[in-house]
There are 2 protein chains.
Amino acid sequence: MSNNEKKFKRYAAIFKALSNPNRLKIFFSLATCCKPGTIGIFEPDNTACVGDIGKDLDIVPSTVSHHIKELRLAGLIKTQRKGQNIECWVDPEILEELKYFFSF
Amino acid sequence: MSNNEKKFKRYAAIFKALSNPNRLKIFFSLATCCKPGTIGIFEPDNTACVGDIGKDLDIVPSTVSHHIKELRLAGLIKTQRKGQNIECWVDPEILEELKYFFSF
DNA sequence: TTTATAATTCGAAATATGTCGAATAATGAA
DNA sequence: TTCATTATTCGACATATTTCGAATTATAAA
């Protein structure tokens, strides 16, 4: 598979991760958390745990977990265990990359 | 449905349209066509027809047509009949909007 | 008018996705 | 150690998606 082919598959996977409304909300919450004007369900260090994220969305924890995994596999977010919780945050690099993608 | 809910559904639909590798290639070709360094299968006015688009992709015309429709319904591209052909081009406004979306 | 070309619509089949609930694993607290 | 909390994995099911080929529509050319 050519480099070009790989590039399209990678970006298609990124957009697929953002193509579900609930997953997009999760991504958006993580990206904007703790900035001025946002709700305070998240940690002050721009991370959030799976349980907090699910509260707003009316979906069960196993589904939240699944969505988090999809976002992580697509490279959109990073995760790290902290005690009983899993902290999640958006990778700042991917935001730059995506902005660049739409700069033709 | 709240305005916020609508917003997420709309953007999720946009990303869904870009979540298929072939559709993403079509979008990319249209967005970059006729700019320096691109191949010259397209019209000089930044438009392309369905037949041209399908040549590179190894998919039959009916599938190309389907993908074009998805991109159009998502608001990513515009189309217009010109004789036997349907001209397609990327909506410049949506590119700005998407760049802005990733500017947190 | 008849024929050719371009694109769309439709129906079908294989595959993928979203969601849930139950069971399991990981960690912290009593 | 035992119990409680948080998150993940698994299996299942309903729904959606991708793609094709055949039939149809729209336009141009002979």
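Just above, that's the structure.
As a starting point, this report considers the structure included with it.

**Re the relation of the copies chain A and chain B**
With an RMSD of 0.0 Å, the fit of chain A onto chain B corresponds to turning through 180 degrees and sliding 0.0 Å along the axis. Such a combination of rotation and displacement between the chain copies is what one expects of a two-fold axis. The share of interface residues of chain A whose copies in chain B are also at the interface is 100%, consistent with both copies meeting through the same surface.

**Observations regarding the nonpolar core**
One finds Leu76(A) and Leu76(B) to be the most contacted residues of the largest nonpolar core, which totals 56 residues. The residues touching Leu76(A), leaving out its near neighbours within four places in the chain, are Ile14(A), Ala17(A), Leu18(A), Phe27(A), Leu71(A), Val90(A), Asp91(A), Ile94(A) and Leu98(A).

**Observations regarding the packing of helix H1 (residues 3–17) of chain A against helix H5 (residues 92–101) of chain A**
Residue and element names in this part refer to chain A. H5 packs onto H1 with a crossing angle of 110 degrees between their chain directions and a minimal axis gap of 13 Å. With respect to H5, the axis of H1 lies roughly perpendicular. Between H1 and H5, the contacting residues are Arg 10, Tyr 11, Ile 14 and Phe 15 on the first element and Ile 94, Glu 97, Leu 98 and Phe 101 on the second. Per-class residue counts for the contact of H1 with H5 are six nonpolar, no polar and two charged.

**Some points on the protein's contact with DNA strand D**
In the vicinity of DNA strand D lie 24 residues, with Gly51(A), Ser65(A), Gln84(A), Arg23(B) and His67(B) positioned nearest. Sugar plus phosphate: this is where 75% of the atoms of DNA strand D within 4 Å of the protein reside. Separating a base oxygen of DNA strand D from a side-chain N or O atom of Gln84(A) is a distance of 2.5 Å. Looking at the surface near DNA strand D residue by residue, the classes come out as six nonpolar, 13 polar and five charged.

**Describing the pairing of strand E2 (residues 77–82) of chain B**
Residue and element names in this part refer to chain B. Bridge count between E2 and strand E3 (residues 85–90): six bridges; the pairing is antiparallel. By the bridge assignment, Arg 81 is partnered in E3 with Ile 86. Two successive antiparallel strands, E2 and E3, enclose a turn made up of two residues, where Gly 83 displays a positive phi of approximately 70 degrees.

**Re the protein's contact with DNA strand C**
Around DNA strand C, the surrounding shell holds 24 residues, and the nearest of these are Arg23(A), His67(A), Gly51(B), Ser65(B) and Gln84(B). Of all DNA strand C atoms lying within 4 Å of any protein atom, the proportion belonging to sugar or phosphate reaches 77%. A distance of 3.2 Å separates a phosphate oxygen of DNA strand C from a polar atom in the backbone of Val60(A). Its residues assigned to classes, the surface near DNA strand C shows six nonpolar, 13 polar and five charged.

**Re the interface of chain A and chain B**
In this assembly, 25 residues from chain A lie in contact with 25 residues from chain B. Buried area between chain A and chain B, summed over both chains or domains, comes out near 2500 Å², and the portion from carbon and sulfur atoms is 80%. The largest per-residue losses of area from chain A upon contact with chain B belong to Phe8(A), Phe102(A) and Phe104(A), which jointly make up 29% of the total buried on that side. Seen at the junction of chain A and chain B, the total is two salt bridges. The shortest N-O distance in the salt bridge between Lys25(A) and Glu5(B) comes to 3.0 Å. Run the count over chain A and chain B and you get two residue pairs in polar contact (both at pLDDT 80 or more). Across the side of chain A that touches chain B, the residue classes tally to 15 nonpolar, four polar and six charged.

Conventions adopted
Residues numbered from 1 in each chain as written. Chains lettered and ligands numbered in written order. Predicted model: local features only at pLDDT ≥ 70, side-chain atom pairs only at ≥ 80, totals over all residues. Heavy atoms only, no water. Least-squares fit on C-alpha atoms with pLDDT ≥ 70 in both. Contact = heavy atoms within 4.5 Å. Core = buried A, V, L, I, M, F, W, Y, C linked by side-chain atoms within 4.5 Å. Buried < 20%, exposed > 50% of the residue type's maximum accessible area, 1.4 Å probe, protein only. Axes fitted to C-alpha atoms, helices over the stretch in contact; angles between N-to-C directions. Helix = DSSP H or I, 4+ residues; strand = E, 2+ residues; numbered from the N terminus. Parallel < 35°, antiparallel > 145°, perpendicular 65-115°, else oblique. Nonpolar A, V, L, I, M, F, W, Y, C, P; charged D, E, K, R; others polar. Near = heavy atom within 4 Å. Polar contact = N/O pair within 3.5 Å; in protein donor to acceptor, adjacent residues only side chain to side chain. Pairing = 2+ DSSP bridges. Buried area = accessible area lost by both parts, 1.4 Å probe. Salt bridge = Lys/Arg side-chain N within 4 Å of Asp/Glu carboxyl O.

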